[in-house]
Amino acid sequence: MAEITGDQRVQSEVLEGLATAVNHRRWFVELAVPYLGDNPIEIGSGLGDYVLEWSAHIPRITATEADPDRLVRLKERLADHPGIEVRQMLLPHSERGDYSAAVSYNVLEHIDDHVGALRSMRDLVRPGGAVIIIVPAFQFAMSPADIATGHVRRYTKKTLAAAMTEAGLTVEKIHYANALGLIGYFMATKVFRLMPKEGPMVKVYDTLVLPATKAAEQRVRPPFGQSVFAVARVPG
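Rules and cut-offs
- Residues numbered from 1 in each chain as written.
- Predicted model: local features only at pLDDT ≥ 70, side-chain atom pairs only at ≥ 80, totals over all residues.
- Heavy atoms only, no water.
- Helix = DSSP H or I, 4+ residues; strand = E, 2+ residues; numbered from the N terminus.
- Buried < 20%, exposed > 50% of the residue type's maximum accessible area, 1.4 Å probe, protein only.
- Areas by Shrake-Rupley, 256 points an atom, 1.4 Å probe, with all protein chains shown as cover.
- Arc of directions from axis to C-beta.
- Contact = heavy atoms within 4.5 Å.
- Core = buried A, V, L, I, M, F, W, Y, C linked by side-chain atoms within 4.5 Å.
- Salt bridge = Lys/Arg side-chain N within 4 Å of Asp/Glu carboxyl O.
- Pairing = 2+ DSSP bridges.
- Right-handed = clockwise from strand over helix to strand, strands pointing away.
- Axes fitted to C-alpha atoms, helices over the stretch in contact; angles between N-to-C directions.

Per an unreviewed UniProt entry, the chain carries the name Methyltransferase domain-containing protein and comes from Micromonospora chaiyaphumensis.

Draft legend 1. Highlighting the overall build of the chain. Secondary structure assignment for the chain yields nine helices and seven strands. Counting over 236 residues, the chain shows a buried share of 53%. By element, 57% of the accessible surface of the chain is carried by carbon and sulfur atoms, the whole surface being about 10800 Å².

Draft legend 2. Quick peek at helix α7 (residues 157-166). For α7, every residue scored as buried is listed here: L160, A161, A163 and M164. Burial along α7 is one-sided: seen end-on, the buried residues are contained in an arc of 160°. In α7, the exposed positions that point more than 90 degrees away from the buried face belong to K158 and E166. Check the buried side of α7 and you find it contacts α5 (114-124), β5 (125-136), β6 (170-177) and β7 (227-233). Taken from the residues just after α7, G168 is the one with a positive phi, measuring 90°.

Draft legend 3. Focus on the nonpolar core. The biggest cluster of nonpolar side chains holds 33 residues, and the ones touching the most others in it are L108, L118, M121, V131, I133, L160 and M164. Elements that contribute at least two residues to this core include exactly β4 (99-105), α5, β5, α7 and β7. Ranked by the residues each element gives to this core, the list is headed by α5, at five residues. Excluding residues that lie within four positions of it along the chain, L160 makes contacts with L108, I133, V135, Y155, I174, V228 and A230.

Draft legend 4. Structural detail: the pattern of salt bridges. Evaluation of the coordinates by the stated rule reveals twelve salt bridges. A salt bridge links R77 to D49; the nearest nitrogen and oxygen atoms lie 2.8 Å apart. Within this pair, whereas R77 is found in helix α4 (residues 68-77), its partner D49 is found in helix α3 (residues 49-54), the two being separated by 28 residues in sequence. Under the relative-accessibility criterion, D49 is labelled buried at 15%. The partner of D123 in a salt bridge is R96, and the shortest N-O contact between them spans 3.6 Å. With D123 in helix α5 and R96 in the loop between β3 (84-88) and β4, this residue pair connects regions lying 27 residues apart in the sequence. One network of salt bridges, with partners in common, ties together R25, R26 and E53.

Draft legend 5. Quick peek at the pairing of β5. Most of β5 sits inside the fold, with nine of its twelve residues counted as buried. Relative to β5, β4 is paired through six bridges, and the arrangement is parallel. Paired with V103 across the strands is I132, a residue of β5. Where the polypeptide runs from β4 across α5 and back to β5, its parallel neighbour, the crossover connection is right-handed. Inspection of the sheet shows β5 paired to β7 by seven bridges, in the antiparallel sense. Paired with V135 across the strands is V228, a residue of β7.

Draft legend 6. Representation of the sheet that holds β3 in the model. As summarised here, the arrangement of the seven strands in space is β3-β2-β1-β4-β5-β7-β6, forming an open sheet in which the pairing is mixed. Looking at which strands have only one partner, the edges of the open sheet turn out to be β3 and β6. Bridge count for strand β2 (residues 61-65) against β3 is five bridges, and the pairing is parallel. Residue pairing for β3: T64 is matched across the bridge by R87. On the sheet, helix α2 (residues 22-32) packs against β4, β5, β6 and β7 and is oriented at approximately 150° with respect to β4.

If you want it as structure tokens, here you go:
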């Protein structure tokens, strides 16, 4: 079984800080909604911010977490949401399922055997269903914050598409997202060596800059971004 990489305490602190970036989260929630189907599973739910928002759009969803401490907190937070099942899951694994989709945001970059992890997601999803991924973009942006939180790589559209194809998936859509966010992240974490936690910079960006970035990228896909978003299908 794979190991959980990175400092779990630091990861939780970053998740708590980024939870304040409400506009960013809602943008990325919207990207996945058309592909979730009626019974998806989220791989690596963290503190549950995404799964809570997705649950408003679909009848049921399964949340998963690998870290035991965060799993306890996740179960406590979601206890009053009957449409959300919570379970522990660590990738890669050999389990098979019949979910309508598997969605995983900012998890794949933590896993050494990322092709094996994608195969595990594929095997959880019924034929024709989707595997929906967001990962951090561009290796040049690998920073001390990435290392501390257990990132083993960052991606381009080409490298993510290659990994999904090797895992037996058919890539349907792939593009960069949040172009200005890449510049801000690089400056904050690589130049000034800050951690992406709650603070005035996150709030200013999320409130003032991100809405304009989202509107622009809905018209024209940028040639770079802070993240890579991809949707791939499980062959029928």
